[in-house]
Amino acid sequence: MARAFSHPATKDLTIDGVLYALSDPIRREIVSRLMGCEGMSCTKACTEISPSTISFHHKVLRECGLIHSEKIGVEVINSLRVTDLNKRFPGLLESVLEHHKPGKAK
């Protein structure tokens, strides 16, 4: 049986962890694609890279608290933790993504 995903509590989110995760253009692209949707499978969030690379980037995003992952059947559905992030760091996510150039994550 697969292990459940571990997600940090809102109070445990750190600015260093969030900024580290957002420093990578592939992870910014994933976050950008998740913005405004209720959830998306790992494979739909980033189709141009290998599954192992996608998995690694989602792990980084999950461990720093940017996304919430839930296994539904054979898929992992990810959603952005916008409410938690805005509670801890108001406006940070929107500010970073405002300067992200979509489609530049290669």
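### Details of helix H4 (residues 51-64)
Inference 1: Its 14 residues place the ends of H4 20 Å apart at the C-alpha level, agreeing with the 20 Å of an ideal helix rising 1.5 Å per residue.
Inference 2: Listing the buried residues of H4 in full gives Ile54, His57, His58, Val60, Leu61, Arg62 and Cys64.
Inference 3: The first or second residue beyond H4 is Gly65, which carries a positive phi of 95°.

### A short note on the sheet that holds strand S3 (residues 75-80)
Inference 1: Taken together, the three strands give an open sheet; going across it, the order is S1-S3-S2, and neighbouring strands pair in antiparallel fashion. Taken across any chain shown, the strands that pair with only one partner, and hence form the sheet edges, are strand S1 (40-41) and strand S2 (67-72).
Inference 2: Note that S1 and S3 share two bridges and pair antiparallel. Counterpart to Met40 in the pairing with S3 is Asn78.
Inference 3: Here helix H2 (residues 25-34) sits on the sheet and contacts S1, S2 and S3; the angle it forms with S3, its principal contact strand, is near 85°.
Inference 4: The strands that H4 touches are S2 and S3; relative to S2, the one it contacts most, it runs at about 120°.

### Digging into the pattern of salt bridges
Inference 1: Across all of its chains, the model carries four salt bridges by this definition.
Inference 2: For Asp12, the salt bridge identified is with Lys11, shortest N-O distance 3.2 Å.
Inference 3: Classification of Asp12 as partly exposed rests on a relative accessible area of 43%.
Inference 4: As a salt-bridge pair, Glu29 and Arg33 come within 3.0 Å of each other at their nearest N and O atoms. Within this pair, Glu29 and its partner Arg33 are both found in helix H2, separated by four residues, close to a single helical turn.
Inference 5: Exposure remark for Arg33: the relative accessible area of 27% places this residue in the partly exposed category.

### A word on the packing of aromatic side chains
Inference 1: Using the criterion set out here, one finds zero aromatic pairs in the structure.
Inference 2: Sitting over the ring of Tyr20, Arg27 keeps its end group 5.1 Å from the ring centre.

### Section: the packing of helix H1 (residues 15-22) against H4
Inference 1: The N-to-C vectors of H1 and H4 enclose an angle of 160°; their axes lie 9 Å apart at closest approach. Between H1 and H4, the angle falls in the class roughly antiparallel. Note that H1 runs across H4; the crossing there is left-handed. Taken together, the residues of H4 that come into contact with H1 (itself represented by Gly17, Val18, Tyr20 and Ala21) are Val60, Leu61 and Cys64.

About the criteria used
- Each chain carries its own residue numbering, running from 1 in the direction its sequence is written.
- Per-residue local features of the predicted model are confined to residues with pLDDT of at least 70, and side-chain atom pairs are confined, for both listing and counting, to 80 or more; whole-chain, interface and lining totals are unaffected and use all residues.
- Hydrogens and water molecules were not included; the side-chain quantities draw on all heavy atoms of the structure.
- Secondary structure elements are taken from DSSP: a helix is a run of H or I of four residues or more, a strand is a run of E of two residues or more, and numbering for both begins at the N terminus.
- Given a helix with a known number of residues, its expected span is that number minus one, times 1.5 Å.
- Think of it in three bands: residues with accessible area under 20% of the maximum for their type are buried, residues over 50% are exposed, and the middle band is partly exposed, with areas taken using a 1.4 Å probe on protein chains only.
- Here, strands pair whenever DSSP counts at least two bridges between them.
- In this description, contact between two residues means that some pair of their heavy atoms is separated by no more than 4.5 Å.
- Throughout, an axis means a line fitted to C-alpha atoms (over the contacting stretch in the case of helices), and angles, computed between N-to-C directions, take values from 0 to 180 degrees.
- Take a side-chain nitrogen of Lys or Arg and a carboxyl oxygen of Asp or Glu: if they are within 4 Å of each other, that pair is a salt bridge.
- Each aromatic pair joins two rings of Phe, Tyr and Trp (for Trp, the six-membered one) with centres within 6.5 Å, and gets the label stacked for planes under 30 degrees apart, edge-to-face for over 60, and tilted for any other angle.
- Either the NZ atom of lysine or the CZ atom of arginine qualifies as a charge over a ring when it sits within 6 Å of the ring centre and within 35 degrees of the ring normal.
- Angles are sorted into four bins: roughly parallel if under 35 degrees, roughly antiparallel if over 145, roughly perpendicular if 65 to 115, and oblique for all others.
- Crossings are classed by handedness, with left-handed meaning an anticlockwise turn of the near helix from the far one by less than a right angle and right-handed meaning a clockwise turn.

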